[in-house]
Each structure stands twice: as C-alpha cells, then as structure tokens.
Protein chains: 2
Amino acid sequence: MSAPTVSALAGVDRLLRPRGVVVVGASADPDKLGGAMVASLASYDGPVGRVNARGVEGMHRSLAEAVEAAAAPIDLAVLCIPAPACAAAVRDCAEAGVATVLICAGGFSEAGGEGALHEAELVRAATETGVRVLGPNTSGFFVPPDGLVASFVPGAGALEPGPVAVIAASGGLNHALAFAFQRQGTGLSLGVGIGAGLDVSAPEVLAFCAEDPRTGAIALHLETVADGPALIAAVRAASRRKPVVALVVGEHDLGDFARSHTGALATSWRTTRALLAQAGAVVVDDEQQLVTATSVLATTRAQPSADPAVALVTAQAGPGLVATDALHGAGLRLPELTNPTRARLGELLPPLTYQANPVDTGRPGPRHHEVISAVAGDDEVDVVGVYALAEPVVDLVGAVTAADLRGRACVVGVDGTHDQVTSARIDGRRAGVAVTVGPTELAVALDALAQDARHQHALATDLASRPAVSRRLEPLRQPPTEAEAKQLLNGLGIATPQMRVCRSAEEASAAFRDLGGPVAVKISSAEVLHKSDVGGVLLGIRTEAALADAVEQLLPMTGEVLVEQMAESGTDLIVGVRRDPVFGPVAVVGIGGIATEVYADVAIAAVPTSIERLTGMVDQLRGRALLDGFRGAAAVPLPALAHVAASLAGFLLDHPEVEEVEVNPLRACAEQLVALDAVITLTDHPDLQQEER
Amino acid sequence: MSAPTVSALAGVDRLLRPRGVVVVGASADPDKLGGAMVASLASYDGPVGRVNARGVEGMHRSLAEAVEAAAAPIDLAVLCIPAPACAAAVRDCAEAGVATVLICAGGFSEAGGEGALHEAELVRAATETGVRVLGPNTSGFFVPPDGLVASFVPGAGALEPGPVAVIAASGGLNHALAFAFQRQGTGLSLGVGIGAGLDVSAPEVLAFCAEDPRTGAIALHLETVADGPALIAAVRAASRRKPVVALVVGEHDLGDFARSHTGALATSWRTTRALLAQAGAVVVDDEQQLVTATSVLATTRAQPSADPAVALVTAQAGPGLVATDALHGAGLRLPELTNPTRARLGELLPPLTYQANPVDTGRPGPRHHEVISAVAGDDEVDVVGVYALAEPVVDLVGAVTAADLRGRACVVGVDGTHDQVTSARIDGRRAGVAVTVGPTELAVALDALAQDARHQHALATDLASRPAVSRRLEPLRQPPTEAEAKQLLNGLGIATPQMRVCRSAEEASAAFRDLGGPVAVKISSAEVLHKSDVGGVLLGIRTEAALADAVEQLLPMTGEVLVEQMAESGTDLIVGVRRDPVFGPVAVVGIGGIATEVYADVAIAAVPTSIERLTGMVDQLRGRALLDGFRGAAAVPLPALAHVAASLAGFLLDHPEVEEVEVNPLRACAEQLVALDAVITLTDHPDLQQEER
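Notes on the structure follow. (Residues numbered from 1 in each chain as written. Chains lettered and ligands numbered in written order. Predicted model: local features only at pLDDT ≥ 70, side-chain atom pairs only at ≥ 80, totals over all residues.)

1. What to know about the pairing of strand S23 (residues 571-580) of chain A
Strand residues, when the strand is regular, have side chains that alternate between the two faces of the sheet. Residue and element names in this part refer to chain A. Extensive coverage of S23 is indicated by the burial of eight of its 10 residues. Judged from the seven bridges that link them, S23 and strand S26 (residues 658-668) form a sheet pairing that is antiparallel. Opposite Val577, over in S26, you have Val661 as the bridge partner. Where S23 and strand S24 (residues 584-591) come together, eight bridges link them in antiparallel fashion. Bridged to Arg578 within S24 is Val586. Two successive antiparallel strands, S23 and S24, enclose a turn made up of three residues. (Buried ≥ 20, exposed ≤ 12 C-beta atoms within 10 Å, placed from the backbone. Helix = DSSP H or I, 4+ residues; strand = E, 2+ residues; numbered from the N terminus. Pairing = 2+ DSSP bridges.)

2. Concerning the sheet that holds strand S22 (residues 561-565) of chain A
All names here are of chain A. The four strands lie next to each other as S19-S22-S20-S21, forming an open sheet whose pairing is antiparallel. At either end of the open sheet lies a strand with only one pairing partner, and these are strand S19 (499-502) and strand S21 (537-541). Looking at each pair of strands side by side, their axes are set apart by 20 degrees on average, direction ignored. (Axes fitted to C-alpha atoms, helices over the stretch in contact; angles between N-to-C directions.)

3. Some remarks on the pairing of strand S3 (residues 76-79) of chain A
Residues and elements named next belong to chain A. Alternating residues of S3 divide into Leu76 and Val78 and Ala77 and Leu79, and every residue in both groups is buried. Bridge count between strand S1 (residues 21-24) and S3: four bridges; the pairing is parallel. Note on S3: the bridge partner recorded for Val23 is Val78. In the sheet, S3 pairs with strand S4 (residues 100-103) via four bridges, with the strands oriented parallel. Residue pairing for S4: Val78 is matched across the bridge by Leu102.

4. Things to note about the sheet that holds strand S12 (residues 282-284) of chain A
All names here are of chain A. Taking strand neighbours across the sheet as the criterion, the seven strands line up as S7-S6-S9-S8-S10-S11-S12 in an open arrangement whose pairing is mixed. A single partner strand is all that each edge strand has here, and the edge strands are strand S7 (148-151) and S12. Across the sheet, the mean angle separating the axes of adjacent strands is 15 degrees when strand polarity is ignored. Strand direction decides the pairing type here: strand S8 (residues 161-168) and strand S9 (residues 188-193), joined by six bridges, are parallel. Residue Ala165 lies in a different strand from S9, and its bridge partner there is Leu190. Sitting on the sheet, helix H7 (residues 202-211) touches S8, S9 and strand S10 (217-222), and the angle it makes with S8 is about 160 degrees. (Contact = placed C-beta atoms within 7 Å.)

5. Comments concerning the interface of chain A and chain B
As a measure of interface size, the accessible area lost when the parts come together is often cited. Listed per partner, the contact involves 69 residues of chain A and 67 residues of chain B. Among the secondary structure elements, those contributing two or more residues to the side of chain A that touches chain B are helix H6 (171-183), helix H9 (255-262), helix H11 (287-299), helix H12 (317-329), helix H16 (418-431), helix H17 (439-464) and helix H21 (594-597) of chain A. Element by element, the count of residues in the side of chain A that touches chain B is highest for H12 of chain A, at nine residues. Class assignment of the residues belonging to the side of chain A that touches chain B gives a composition of 31 nonpolar, 25 polar and 13 charged. (Nonpolar A, V, L, I, M, F, W, Y, C, P; charged D, E, K, R; others polar.)

This is the structure in structure tokens:
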C-alpha cells in the first residue's frame, strides 16, 4: 500500500487558517508543553481536540478519534510529543486527513546522535505524505485575529489583532517581536517562528502574507537563508503589494553559537541585506527599528521615488536637531523648501521661527494643520515628519488629520509621559496616522518610508529594463592566467594595459623596447591569486638595467613573466561578479584597497539586473565622494563602470563553469577604465573536473 | 552707590535647591506662561510667591513685597516677563536678596534687532549683581524629589523622583529625556535645560550633580560647547564619583567642519565625543541609548578594567544572537568561559544547551541563579547580561538577586507584554537590579557598563602617569618650509628621509649622486600645504635624466626644491597635534589616505596625557587590523607611534605660537617610523604677527 498523501490539502493556509486543531500529547498539567498548548489554544475560535495516548479524563486516545469527534475538519495537529514519536504522528495525520503539524520540540539533528535519525524519519514522513511541518525547534505561532495561539509562551495570549505579520527565523524572536509590537499598541495579523525550518519556510509564509487581506506590512527576521532565490522571489512579490521590513542577524562572526542555532552561514550578512533591499525590502539594523518601521509602514507608505526627500516640522529645536542628525546619518535628503512654501510659512508662523527644513514652529497653534499642509504641498517633499512634546493644547494627530497632505506620507513624533504617548498612539490608530515616540524613532520611521519609496521606484525600473548583456565565448577548461584573463576582458570590451608574456630575458627586453617604459613586471600564474603578497609584482621599471634585475628575480618563480605598460594614475576601483552559494550570481562594486578590505565599503547586487541599478550601486558606497574626482583625480565615468559590471555579469551568466571574476584594481584613468589585474576562478563543477582529467 | 550684589549667595545650589520661589509676571490664566508656571509650581514643597505688577487679586505687586511676605527666604525668581524687562528684574532680585533667576522667554540676541541690547543689559545686570541666571530660551527645570517644577510643560508634573540627573543643552530635549525616563519607570533627581546658557552652564550643573547625594548617574546632552576645558574638568570630576553618559548632537552639521586639513576631519563632534570619553563619560549615539545607559548605570557599575569582558546568559537563542551581534558591533570582548565555569554549567544545564558564551540555557529553571553565579564567578568576566522571555514561572530579577555575583555588574533583559515588562522593571527597582527590554537595549546597557569600566581604569592610569614630554626650542617666527619642519622633527627624535634643499639643477644633481636613487623631488614652500594637489611632487626618480626633467619642471614654481630619498614601502599613518578652538591641544592619530579623509577613521585625545592613552588610541580605529601588518606590510611599532604623538604634543604645548603640526604620511617602515611630510602652521597670535612686521 502506498503511503497516504494529503497533497490536495497541503499548504501554509491550512497551517495558519486551520478549521480545527488537535493537540497530540495534550496534558492537564499547564507546566508541561502539552498542557501549556491546551491552555494557549483555549482562546481559539474553532474546535480544539486533545489527544493523550495514555488516556486522560476527557481526552481522546488517538488522533483519528479526535478528528472524528471534532465539530469541524481538523487542519492542524500540534505535536507535544518527543522527537522519536513525531514521524509516526505525521503519518497518523495523513491517515486522518490532517494537513499540517507544528513541532515545537528539539531533539532532532541539532541534538546529534539518534536525533539525526529522527529528523530523517520526520522528513521522509512529511515528504511521502505531503503533510506540511512547521518546526521543529520553534515556540510556535499565533494568529491573533482568530484567537489562535499555538505557542507555549503564555504572554502570547495577550497579543491583539492588527495589521503586522511577523515572520521570524527563531521562535524566541517571533515572541520578542510580537511583544514589542504589543507594547507599542500595534496588533498582529500573525506571528510565525520558522525554527529549524525542515519544511515550512519563510518564503512560503511571505507568500501567504502577501495574499492575506489582514496583513498590511511584514516584519521579517532572518538568521540564515536556506534557499536564496526563493526568499528573494517571495520578498519581491510581497513588497510590490505591501511593505516588507527585514532584519538580518550576523554582521559579525557569531561563531559556534550561531552554528549551534542556525547552521553555518553560507552567504554573507552584507550580501543578504543588499539583495533583500534590491528585492524591495526595507532593511533595518536592530529589532527596535524593525518594530518601528513595520508599524509605520503598516499605516502609511510614500509614493515611489528615485530620490525621496524628507521634511521635518518640529515644535522644539533640540529634539529636531537629534532627528535631523539621524536623518543625515541615514543619507536622506532634506531639501530647502521652495519659495512658495516659505512664503506661506511666513504667513502662518511667528517671525522668529526657523522656516527652512526643518521647520521649527514653536508650540503648535490652532493653524498647525496649515503649516503641515504647506510643507506637504512642497514640490520637493515626499515624506513629512511632525514632532512636538505632548501638551494638553497640542493635538498633532488631529493636525495631521486636518492637513491636506497631497498624498505625501506623514509620521508624527511625540515625547511625553507614558499616559500622554499612549493616548497619542491610540488617537493615531483611530485616525490612521502613524505615531512614533522620540526623535530617533521618528527618524527611523522617516528613513523606512524613504527606503520603501526608493525601492518601489527601483523595482518598477528593473521590470522595465533588463539589459541584454551576453557575449558567449568558449567554455573555460582551466583557470586562465592573468594574460589570458585580460584578453578575455578585452573580448568583453574592457580595456587593459598593453602587455607581453615573456619567457626569457631577451623577450622581456624586446617587450620593454616595444612598449616603452615605465613598465610593471609580474609573475604569470593562474595559481597565485595575490601576486603582490608573494613579491611577484615589481612596478615602475624605467630602465633596461632595472628590467633585467626584475626579470632575473621573477622569471624563476613561474617560468614566465608579464611585462606591462604602467597605467597612468587614477582612482582604483574593484568590480567583481561571483556565484553566491545561497543567492546565485551577484556583482560587487567598491573602491579598491583598504576601502574594500578594511572598511567593507562595497555595493552588492544580484545579476542580471538593469543598467540603472548597476549605475546606482556606487551611491551605496560611503566613499562615494571619491568617485567625483578626489584631490585632483579624474572623475570615475559611472556609465562605463556600469558597463564593466554588466559585461562581467553577462559573462558569468553565460559561463556556468566560472565561479568568480574579480577585476582589482579597475583604474579610473582620465580617458577610460582600465583593468590592471583580473582573476577568474572556476567552479568545482564535477563535469568540468572530469573534462580536465 | 555701587550695584548691590548677592555674591555670597550666588551658586547653582540656590537655583536647584531654593528655599522659596517667586513667579514674576504671574498670571491667573494657565494658558499664559506666568499662569502655567504657577500651576506647575503648585506641587513645590516650599513657598511660592506670585508677583504681578498690574495687580491681580491675591498676588503681590512687587518682588520685594513677595519676598517680604514669604514664609521662607526666596532663592529663585522665575521671570515670566518680556525680554526688555528682564535686566531690571534681575537687579530687583539682587536688591531683595534673591540669588537666582530662571528666564524661559526668547527675544534676546537670537531674535536680532533690539534683542541683542536686552541680552547685553541682562548680562551686565547678572555680572554686576552676582545673581545667577538660567536661560534664557529654555523650558525650565525640575527637581522631582522636591516637587519643584519650574517648567511650563504640564507633563513635567508627572515626573517621579529617582537617581538620574538630566542636563540638556535644550529645554525641549530636557523634557523629551525626562519623559523617556518616566516611561520606563526611572525617576529623576533633577532635569535642567541650559537653553542659551548666558550664565549658568552645563559644567556648573555637572559639578552640582557630582556632589548631590540624590543623583546616582548623569545624562548629559550637548549641542555646542562654549567652554571646553570647563566641561572636560567637570565631566572628569563627576565621572570619578558617579557615571556620566553623554549624547553629542551634530555629527552631520557641516558648519562644524574646522578650518585646516586635519581639523576638517577631526570635527568638533568627533573631538567632543573623544574628549568626553577621555574624561570618563560613556558616549552614546542617540537619546534612546542615553536613557538606557544612564538608567542602568544609576543601578549598577562595573569594576574598573582595561579591557572589560562581557558574558551573556540567554534563555532563547534568537534574541541572544541579536544581542551578541550588537555586542560584537560595539567592539566588546565575549571570552569563551574558563573550564571550571563550563564544568559547573555542565552540571547545572541540560546536555543539549550551548554552554560557552553566550550560555543558552533554555527556559530558566529553579537553579537559574546558580547558572548566573557560575558565569559571574568566571575569572574572565566583568559584566553579565541575563536575557529571557517573560513567563509566569520565570523570575530573572529574583535569580539575579539570589545569585552570587562576586562584584560583577549584571543586567537583566526581558521581552514580554507591556504588563510583564512593567512588572519586571518594578521588581528590578525594588531589588536594585538593572532591567532592560529587548536584546538591543540589553546590548546597549552592557556596552555602557563596559565603556564605563574602561574609562574608570584609564582615568586612574592617567592620574598615575603623565609623561614628561618637553624639548623646548626657539619660538618659530614664520611657518617653516618642509625642510625646516623636518629638521625640527629630527630635533624631537622623529626620523625623516635624507634630503637636500637645492636651488639649482647642479645642486640637485649633486644631491642625487650623494643620496643615491630613487629620490622624490618636491617644491619647497611653507605656503603650499598640499603640494601633490598642485603637481608639486614627483616620486620615484631613478636616473639623472629623470632628475633633470623633474627639476626643470618644479624649480621655477618656488625657486627651490627638495631632493629626498624615497622611503621604503610600508603602512602610511597620520599623526597630528593642533589647538582645538574649543578644547585646546589635542593629538590625532589615524591611518593615512582615504581611511582618514573619506572614512574619518581617526582617534583623538586631549594632550598632555599618559603614554598609555596615546598608545591605546589606535585601538579606537576601525582599521586597527591594518597596523598589525596587513598583506605582508611591517607591523606598526605602537610604542614608537605613541612616542611621535607625545613628542609632537610636547612641542605644541611648549610653543604657543604653533597652531598645528601634521605629519602625513608617517610611514611605518620595517625598521622605524619615518615622517615623509610635515606641515607646521602658526597661530594668528597678535604678538607674533607684530614681531613679524
């Protein structure tokens, strides 16, 4: 008999919108997992069956019995049983037509020993039956609008329904985030801790949330990414419909602790953040920002814009300065307001107030909504922040509600006693106005709105224009030497210095006469990736005598040397393409030398992508100003830089045998970009290796 | 008749601990400033006289009358009158023996026009009488333990007494901070908004707080600094007695860029933060961190330590990872625990938990206090964080209270519903245990404790060892050329390349033969600070012919050139000393090139200071790893680097005519540090200029 399947029922919707629930391993003792789950599920609107194999008063002895007895179809079984029993329980579920299970317990592969066996059995049971499994190793999930609390953390019962969906890698962080939203009065449409993620994954829950009419914005927490393309596709699809805000943990090497919890981090923190942003997610730095940004974006969203600008209206200069400093730190543009706006503000405000951006109004008066209307009506402004200390006579939410915002996004920032800010938040929720507390939170909110507007604009551009970059060459059978790599770059339209490969002092001497000095002499080898590190590069050779010395020194090292014209001076860049193990092909652009190696000042984008996005990558660099012609250097021609990145990307995409191409440095000379060095490495593709043998 | 003075009474103590208060310009209308102040002061324990010159039922017609009628001496007059009337009111106060006044109103020099006159009159009145003035342009101050609310913001009446003193540059931020402390349940000993700061200043209030037995920790907010040395002295004195936490606004204010090259990088924001830290303050990045750090430091303080280490005990891995990532980001050390600790944890915890650092316990059990004791008892650990989701069976505050902390500082981090975290905070206050909410706030708190421990250790070292660095030379009468500057460095024991000053091609040729190639040829001028920018530097000259070309090109520019031996390769540093316009002599150490110019990766310290602190400056650089010998370069000899900084500092201190000395680059060659360029600029000191004429 073939294993029973419930594939027709399978789906995250059955997990998160079950018509009925059973607790397998239920207990009457609330201190046990099975008892805590029964207690948590007491608030659930639908039927909750309880199963205890050992027979407990009022509980069923088997899953089948509980399903039979239920007043509605059972879609979810919450397994509160040890790891060794889970696989069989999944098969029981399939038999009984229960499409999904939640497994909170540990004791699988992370436990070592027998655990790996239990995990393999569980995965096989799930695969063979089509029953969908959330977990193991998660504290569960909750759907407050349905009173569904499948979590053993009692406080989860206090969560209110609302517009934010939480999708967290960890069950603990799912709860920490949910409670943080609760503390500031933002309700949840659902909260899911993915845990070990053996089956149900973050991308699937994202896809569910994108469709879910109760979800207005999504807070996403990631530790490690199992399936990069699936994640990126899900974020891209979701973010075009509703805001997605992402927190990625793991900037720093968290070592064994992270591995014990999440498995190895195969990709980099930086790559994950860059690609999430490219897919439309607002990327934040900590869980406080995640909560602030998602709450605000659940309430309001700015219009798509290539370069959104922020205006601030503040009643107190001190907090206004704190917010403005933070906005500059986030790289946001605070334009001076246009003359019509300033003229209007001159009519509305007392003479001594500051009427540029920020607008410092003094204590808000009865015409404060007109001040907000004037600023929101400015042609240069996309997002407006309005700050004041709470006072009985001040009603910022009312002023924003009464203002004519002309479609601009607007966020209120208040400071006051606990009661005052709670009251402002309640007013804001009633009126549909986003309310934050304190200048820093206000700045985080404005930054999130601007990021979202920029991403939405870029996504629309991406869809409109994907560059055709392809110039298929013969597959590479072995890693090219520097000379071969440079010839290949020439074939892609990328300039390199004039050079000769020389196998003797005589050849080198002839090359020197041919090229003219000064020249560089380098060892020629595909194996040595960092030639300078082994003393394999001698620069600025101006005389035949110096050449002879250099060749004598380097030729024995690899049997051949490159003699190459020295490039003129200029700004050194780094441009590379590589196959990220998690996300696939990406391009990297940075400033060469220590900017990349020490300050990690690089921009990363998934390829293929639009030429506009490749051109815009440099705007993400902290050292951006260097490209405009620093200290008399030539300005870097940005379209040419984007062309180099696009050509390399096209090459990588056409050549599955290529792992990475790194041009470092790519020198921005006065006339053109010149690749001074290039390294191409090949994948460990088994077919390729066979061919090589 | 000479102006009356009350200098015997003058002092911030009379302002902040008045025996009685009068409101001048009192009103019965609470919407007016004078009415709002009367309403706010209703909670004050002492007498509050009301003065209204136009005669209002129940109010006095003059200050003298009010003072006479009061049941206690009046020490503070709150002036709710227009700017033009303030100077006269100050003189009235002096006549009546009222030592201090608060002026909230604006309308002084910031208003332009007549305002400057009113300000001058006010300053003269204060100076001549000795009456101390807080303000103008502030929303006031409050002393919750005395019910004293001299603020027109009604919510200030809800502030509770407690251990934190707030000293804010702005009245608005004083209130914003006070409310933020109130929201998380931390009471205040006082809160002062300095406002325009015409008289009473932040350093004076700091000095008051250092003595004030009701103040346990100080939250300091700064925008601009009027008197740098006074501020630094006050912070140093206060921080040795109680923690000082400082927020400096203005990272991105372009107006703060200083005039000269190094100065432009060492912005006053950066300098202010560095010097505050050197004086013992914990420096934070935003007002949220200011509130968290001060609250925690008001409850607990770690022992002084040169390199404090942090341990984290977490019940949930996900939030533990967020906190750990943030701790790494703050540059904190999380040592692996010692074997005895790990053995003890092995006895206390289930086998599958992670028992290094962080310690991942799973849900805290009844022996959680023993886990905390084991970690706090580890010889490697200075500061302990304990995190868990709030659950009814979990009592972290109780566990920390029951633990044997062996003098280690310990902070609890919780996440839970509003009611749960409020309850945990109340428990913490009762038990004297610091409680934070969420992993990011916990990390901020641990970082603050570690910063404070490090600063306390450094302050003790500073006091123990101040280097004698002095080698007084003749005063400089005009800015030295590069050659002169380098001779001067040689005199200070700083190596420079061999060089010759040449006024003709023949001299240059002789120098070349003498020195041996390759050489650099540079224009010689004290006026051109950035010789490369004007094409005045030619490097790597190897032949007589190349030399002749170079000399022909450069000699006409300034009439003389330097011919200098090329230094061997190495890591380029920048070391400078300058007179900061606010703080006085400072030393700047950084990595040369774009690290300094683009990434602003510099360390700043006030000089003179200990050789230990000068040596440790490099540890503040983000590019610190470069100094250990990056990519085969020689490691930078740190004692020699500190010697260069100390020598330059000594020179600056001995030479009041010198404004700045910048050695850029200082090259770390294999054998020694070599100054490849040096610029010395002189002050605009009038005596010096006279001598020059």
